[in-house]
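Single-letter residue listing:
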Amino acid sequence: MINIIPVDSKARQKKMVEFQFELYKDCPQWVPPFKQDIYMMMNKKKHPFYDHSISDQFLAEKDGKIVGRIAALLNRPFNAYHHTNDAEFYLFDCINDQEVANALFDKVAEWAKEHGMNRLVGPKGYGPLDGYGIQIMGQEHRAMMNMLNYNYIYYKDLVESYGFEKEVDFVSSYLKPEQFVLPEKVNRAAELALKRGRFEVKSFKTKKEMREWVSKIAEAYNSAFVNNWEYYPLSEKEIKMVIDNVIAIVQPETLFVLLKEGKVVGFELPFPDISAAMQKNKGKLGPIEIIRLMREIKKTDWFDFNGIGFLPEAKGFGGNAIFYKLVSNIVLENPQYKHIELSQVAETAKEMRQDLANLGVQFYKNHRVYKKNL
């Protein structure tokens, strides 16, 4: 018999966190999240998601053993912006047992209907840095830090057998620097736009300087993705959480923003990949683990671009061409990096997807967000 248990105590929160670590302990591609991040997702007093929305978490127990987990979310700003009545699920992990998966999804569906929702969508988390979707392709590759979900391939069958259908795919791309050639027409467009003085490129030397630009970058961040499937207007506290997490590992020399008449109209969030250190840290984040992460920043040969965004003012005037030229400079001028990933671009971001295809990237991972009418 399967029992679904609400996560309503610290002891059960610990079981919620530890179950994933037990399930993936022998998987070399899995990158353990920071345990404190998962605890924060369940903290209704501190996580900014709970300022405007609600969420509960549940465990599945079979024969006295925890065999699955899931979170149910209702994101009110998202629903208001998109005129939907969606509930979401997240933190879904499960043994390869359809009966267990069905019990977890039944509970979330029941929760959603109790709150007046008519559709269930997911995986979709508590903020924009939480990875989207069930991974349906590329399990042989290591996960990119904790920015993307990683799951066993059988998750796809568990979800689809329950009756979920595709909502949207997010693809991640791979690029080897030595194989990257910026198309000449893009290079010319970038040079012409810069020559005409329509845009200015702002680069950074220190993290202090980066912090001084946080508010301007945050304003652009909250405007750049308004047409994206996953967008909703972030609160000031949510933006601060994003920026604090980003600044922790972004290196100033790889960050730049695009300005037009002094306004930020384009940006990219570049990350040296610290996955190897995160695997060694096993979810911990004490002084020793932080030192290990800092060392990994300096020696990793993987680099990730996540969150490339343009405002409409940057498009059609060569702004995006400048941006791709600057990205190519990072790729080609930093011999430390041998592997480049561009993480999770939604298929609804058609311009971006086409730009990436023109740059010759290899689409090598796919994460699928699912939907089900209730």
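Before any of the text, the structure's been laid out above.
Model, not experiment: these values are computed from the prediction.

Student: Please give an account of the overall build of the protein chain that cites residues and values.
Tutor: Summing up its helical and strand segments, the protein chain has 13 helices and 15 strands in all. Each of the three principal axes of the protein chain carries a C-alpha extent, and together these read 70 × 45 × 35 Å. Here the protein chain, with 374 residues, has 57% of them falling under the buried criterion. Taking all contacts inside the protein chain whose residues are at least 6 apart in sequence as the whole, residues at least 24 apart take part in 77%. Accessible area of the protein chain: about 17,000 Å², with a carbon and sulfur share of 50%.

Student: Help me get a handle on the sheet that holds strand S8 (residues 200-203), residues and values and all.
Tutor: Hydrogen bonding along the main chain pairs the strands of a sheet, whether they run parallel or antiparallel. Taken in spatial order, the 4 strands of this open sheet run S8-S9-S10-S13, and their pairing is antiparallel. One side of each edge strand has no neighbouring strand; the edge strands of this open sheet are S8 and strand S13 (309-310). By the bridge criterion, 2 bridges tie strand S10 (residues 263-267) to S13 in an arrangement that is antiparallel. Counterpart to Phe267 in the pairing with S13 is Gly309.

Student: Give me the lowdown on the packing of helix H4 (residues 98-114) against helix H5 (residues 154-162), citing residues and values where you can.
Tutor: In a packed pair of helices, the relevant descriptors are the angle between the two axes and the axis-to-axis distance. Where H4 contacts H5, the axes come no closer than 10 Å and their chain directions differ by 55°. Judged by the angle between their axes, H4 and H5 are oblique. Regarding H4 and H5, the two cross each other, and that crossing is right-handed. Every residue of H5 that contacts H4 at Gln98, Ala101, Asn102, Phe105, Asp106 and Ala109 is listed here: Asp157, Leu158, Val159, Ser161 and Tyr162.

Student: Go over the pairing of S10, please, and point to the residues and values.
Tutor: Counting buried positions along S10 gives 4 out of 5 residues, so the element sits mostly inside the fold. The sheet contact formed by strand S9 (residues 256-260) and S10 spans 4 bridges and is antiparallel. Each residue of the ladder has a partner; that of Leu258, found in S10, is Gly266. Count of turn residues in the S9/S10 antiparallel hairpin: 2 residues, of which Glu261 carries a positive phi of about 55°.

Parameters and conventions
Residues numbered from 1 in each chain as written. Predicted model: local features only at pLDDT ≥ 70, side-chain atom pairs only at ≥ 80, totals over all residues. Heavy atoms only, no water. Helix = DSSP H or I, 4+ residues; strand = E, 2+ residues; numbered from the N terminus. Buried < 20%, exposed > 50% of the residue type's maximum accessible area, 1.4 Å probe, protein only. Contact = heavy atoms within 4.5 Å. Areas by Shrake-Rupley, 256 points an atom, 1.4 Å probe, with all protein chains shown as cover. Pairing = 2+ DSSP bridges. Axes fitted to C-alpha atoms, helices over the stretch in contact; angles between N-to-C directions. Parallel < 35°, antiparallel > 145°, perpendicular 65-115°, else oblique. Left-handed = near helix turned anticlockwise from the far one by under 90°.

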